[in-house]
Amino acid sequence: MTWFAAVARLRARREAGVLVTVAAVRGHAPRDAGAKLVVGRGETWGSIGGGNVEAVAIDRAREMIAASETAPELIDFALNDKVTNRHGVQCCGGTVSVLLEPLPVVRAVAIFGVGHVGLELARILARQDLDLHLVDSRSDTLAEERLGVLADAVAQVRVHHTPLLPEEVLEELPPGTHVLIMTHDHAEDAALCDAALRTPRLGSIGLIGSAAKWARFRRRLAVEGGHDEADIDRIKTPIGLADLSGKEPATIAVSVAADLLRAFETGGS
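Keep in mind it's a predicted model, so treat the numbers as computed, not measured.

Chemist: Now, about the packing of helix H4 (residues 186-197) against helix H5 (residues 211-223): what can you tell me, with residues and values included?
Modeler: Their axes nearest at 11 Å, the elements H4 and H5 cross at an angle of 50 degrees. Taken as axis vectors, H4 and H5 run oblique relative to one another. Considering only the axes of H4 and H5, their crossing is right-handed. Of the residues in H5, those touching H4 at His186, Asp189, Ala190, Cys193, Asp194 and Leu197 are Lys213, Arg216, Phe217, Arg220 and Leu221. In the contact of H4 with H5, the residues fall into five nonpolar, one polar and five charged.

Chemist: Run through unusual backbone geometry, naming residues and quoting values.
Modeler: A cis amide bond, omega 0 degrees, links threonine 237 with the succeeding residue proline 238. On the secondary structure map, proline 238 appears in the loop between strand S11 (235-236) and helix H7 (249-265). We note that serine 68 has phi near 55 degrees; this positive angle belongs to a residue other than glycine. Take serine 68: it is sitting in the loop between helix H2 (51-66) and strand S4 (73-78). Judged by its relative accessible area of 59%, serine 68 is exposed. A positive phi angle is found at arginine 201, which is not glycine, with a value near 70 degrees. Position of arginine 201 relative to the elements: it lies in the loop between H4 and strand S10 (205-207).

Chemist: How would you sum up the packing of helix H3 (residues 116-125) against H7? Please name residues and give values.
Modeler: Axis separation between H3 and H7 bottoms out at 8 Å; the angle between their running directions is 50 degrees. On the basis of the axis angle, H3 is oblique to H7. Judged by the twist between their axes, the crossing of H3 over H7 is right-handed. Between H3 and H7, the contacting residues are His116, Val117, Glu120, Leu121, Ile124 and Leu125 on the first element and Pro249, Ala250, Ile252, Ala253, Val254, Val256, Ala257 and Leu260 on the second.

Chemist: Requested: an account of the environment of glutamate 229, with residues and values cited.
Modeler: Looking at where glutamate 229 falls in the secondary structure, it is placed in helix H6 (residues 229-232). C-alpha of glutamate 229 to C-alpha of arginine 218: the two residues are 11 residues apart in sequence and 8.9 Å apart in space. At 2.8 Å, the side chain of glutamate 229 and the side chain of arginine 218 are in polar contact.

Chemist: Break down the packing of aromatic side chains for me, citing the residues and quoting the values.
Modeler: Enumeration over the complete set of coordinates arrives at one aromatic pair. The ring of tryptophan 3 carries lysine 36 above its face, with NZ or CZ at 5.1 Å from the centroid.

About the cut-offs
- Residues numbered from 1 in each chain as written.
- Predicted model: local features only at pLDDT ≥ 70, side-chain atom pairs only at ≥ 80, totals over all residues.
- Heavy atoms only, no water.
- Axes fitted to C-alpha atoms, helices over the stretch in contact; angles between N-to-C directions.
- Helix = DSSP H or I, 4+ residues; strand = E, 2+ residues; numbered from the N terminus.
- Parallel < 35°, antiparallel > 145°, perpendicular 65-115°, else oblique.
- Left-handed = near helix turned anticlockwise from the far one by under 90°.
- Contact = heavy atoms within 4.5 Å.
- Nonpolar A, V, L, I, M, F, W, Y, C, P; charged D, E, K, R; others polar.
- Buried < 20%, exposed > 50% of the residue type's maximum accessible area, 1.4 Å probe, protein only.
- Polar contact = N/O pair within 3.5 Å; in protein donor to acceptor, adjacent residues only side chain to side chain.
- Phe/Tyr/Trp six-rings, centres within 6.5 Å; stacked < 30°, edge-to-face > 60°.
- Lys NZ or Arg CZ within 6 Å of the ring centre and 35° of its normal.

In structure tokens form, the structure reads like this:
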């Protein structure tokens with residue numbers, strides 16, 4: 001498997017990893033500069049030459065994964081018999097610099113409802129390194145020509161057309177997905193809130209709407225859904241920045257995106 005296929009596999013599994021690259025070689029070494037190794041929690045792909053260099057790099061990479069480190073790190077190795085090594089002697093005669101670059105788990109966001117606000121929000125979030133899921137029960141909102149504005153997205157955009165039960169998509173989302181509920185139909189929103197609270201391993205749950213809408217939903221979730229207060233409090237509403245009060249779809253989308261990205265920066269997974 002190529003190193004970029006291994007990185008793609010870790011991303012698809014939502015697993016952290018480290019990309020290890022031979023950054024520089026002076027003199028003789030097992031591999032030339034540019035050789036790569038991908039390290040996951042329990043697997044590796046590729047090689048930077050074996051021996052002590054590779055073993056130490058793997059050990060350090062797994063320490064970085066366990067500690068959720070994000071900063072890259074450079075390790076220098078002298079390949080001679082005068083150096084005490086953790087995993088045996090390598091005496092090729094040269095020196096090697098190895099770069100370790102953490103590959104964090106990419107965040108996932110699902111927008112339920114790709115109307116005016118949803119599309120504007122998708123345009124903003126598509127510029128982030130995310131797995132972005134767009135879900136709607138209406139085929140016209142997901143038409144290729146309408147979503148053409150996302151053609152140059154940095155995010156991995158996945159479209160889900162669900163004409164009957166959009167909440168079924170919740171079970172398909174990767175662990176930790178942050179859910180934003182903003183459909184055209186309050187009944188659909190209510191069903192999604194109930195289903196989201198019943199779906200394990202989701203990230204945050206956000207609902208767009210007024211205080212009056214939330215008061216009705218809250219009663220329904222408690223009485224009909226049987227959810228307790230602590231469970232219901234997992235749903236954040238209103239979403240967005242409280243001090244940005246504009247009503248235009250693009251303004252609301254900026255507010256919601258900024259609030260979500262701020263949560264990410266302050267420790268949200």
